[in-house]
Amino acid sequence: SQKIEQNSEALNIQEGKTATLTCNYTNYSPAYLQWYRQDPGRGPVFLLLIRENEKEKRKERLKVTFDTTLKQSLFHITASQPADSATYLCALGRTGGYNKLIFGAGTRLAVHP
Amino acid sequence: DTAVSQTPKYLVTQMGNDKSIKCEQNLGHDTMYWYKQDSKKFLKIMFSYNNKELIINETVPNRFSPKSPDKAHLNLHINSLELGDSAVYFCASSSSMGQGAGYGYTFGSGTRLTVV
């Protein structure tokens, strides 16, 4: 069955460093991949979309890569700040699927001053 | 404010009761969803409606019944609540432009359901 894996352990980094989060998937051929941010007690917030024919996408301090051969996406936050501390979820979807997304369990990021 | 709003935010109820959660979006989206987030934080899709038509119906007990009176509203009714139904339920909306174009979801803030 399809599976999405994100680091279950929290990622702790120092302010100003680059945070890199990983999303791996198996038994699935997504047409696109999305990243979301979720704060405690809140709903996920959409950050970025990358399609299967795109290698990289950037938005301000965020960068996402998508390698369909490795079945992996990397999510980078450069010049990280304590306000970036949250759980980050990756989600996969495919064409013909009515925009149905399958989510990973997320990785909690803690940025320390 | 443009948003997805769901009510109530918290719901504590006894086993066997029937309860409803309501969701409304004013974003003009044509597709709405119900997701369940369990204690392990996985978000799992339950249902999706596109312009009031049910398009996704995952393997969910038939005690759960969604209803979409119009494309801006999607409600979830749960009959005969069980302990295992305790979770956070999220409503979301998106554009679809056909059968999936990768549009990002806008989520509501969730309803934490606790069955005792």
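Below or above, wherever it landed, is the structure these notes cover. Being a predicted model, the structure only gives us computed values, none of them experimental.

### Quick notes on the sheet that holds strand S6 (residues 56–59) of chain A
Residue and element names in this part refer to chain A.
Thought 1: Taken in spatial order, the five strands of this open sheet run S1-S3-S8-S7-S6, and their pairing is antiparallel. Lying at the two open borders of the sheet, with one neighbouring strand each, are strand S1 (3–6) and S6. The sheet shows a mean angle of 15 degrees between the axes of neighbouring strands, taken without regard to direction.
Thought 2: Inspection of the sheet shows strand S3 (residues 19–26) paired to strand S8 (residues 72–77) by six bridges, in the antiparallel sense.

### Some thoughts on the packing of aromatic side chains
Thought 1: Overall, the coordinates contain 16 aromatic pairs over all chains when judged by the stated rule.
Thought 2: Their ring planes at 85 degrees and their centres at 5.5 Å tell us that Phe103(A) and Tyr35(B) sit as a pair that is edge-to-face. Of this pair, Phe103(A) sits in strand S10 (residues 102–103) while Tyr35(B) sits in strand S4 (residues 31–37), on two different chains.
Thought 3: A relative accessible area of 3% places Phe103(A) in the buried class.

### Considerations on the layout of surface pockets
Thought 1: Within this model, the largest pocket holds a volume of roughly 1,100 Å³.
Thought 2: Lining the largest pocket are 50 residues, and of these Gln37(B), Asp38(B), Lys41(B), Phe42(B) and Leu43(B) sit closest to its centre.
Thought 3: Among the secondary structure elements, those contributing two or more residues to the lining of the largest pocket are S1, strand S9 (86–93), S10 and strand S11 (107–112) of chain A together with S4, strand S5 (43–50), strand S9 (87–94) and strand S11 (111–115) of chain B.
Thought 4: Looking at the lining of the largest pocket residue by residue, the class counts come to 19 nonpolar, 16 polar and 15 charged.

The rules behind the values
- Residues numbered from 1 in each chain as written.
- Chains lettered and ligands numbered in written order.
- Predicted model: local features only at pLDDT ≥ 70, side-chain atom pairs only at ≥ 80, totals over all residues.
- Heavy atoms only, no water.
- Pairing = 2+ DSSP bridges.
- Helix = DSSP H or I, 4+ residues; strand = E, 2+ residues; numbered from the N terminus.
- Axes fitted to C-alpha atoms, helices over the stretch in contact; angles between N-to-C directions.
- Phe/Tyr/Trp six-rings, centres within 6.5 Å; stacked < 30°, edge-to-face > 60°.
- Buried < 20%, exposed > 50% of the residue type's maximum accessible area, 1.4 Å probe, protein only.
- 1 Å grid on protein atoms, 1.4 Å probe; cavity = no way out; pocket = protein on both sides within 12 Å on 5 of 7 lines; lining within 4 Å.
- Points joined across faces, edges and corners; volume = space filled by probe spheres on them.
- Nonpolar A, V, L, I, M, F, W, Y, C, P; charged D, E, K, R; others polar.

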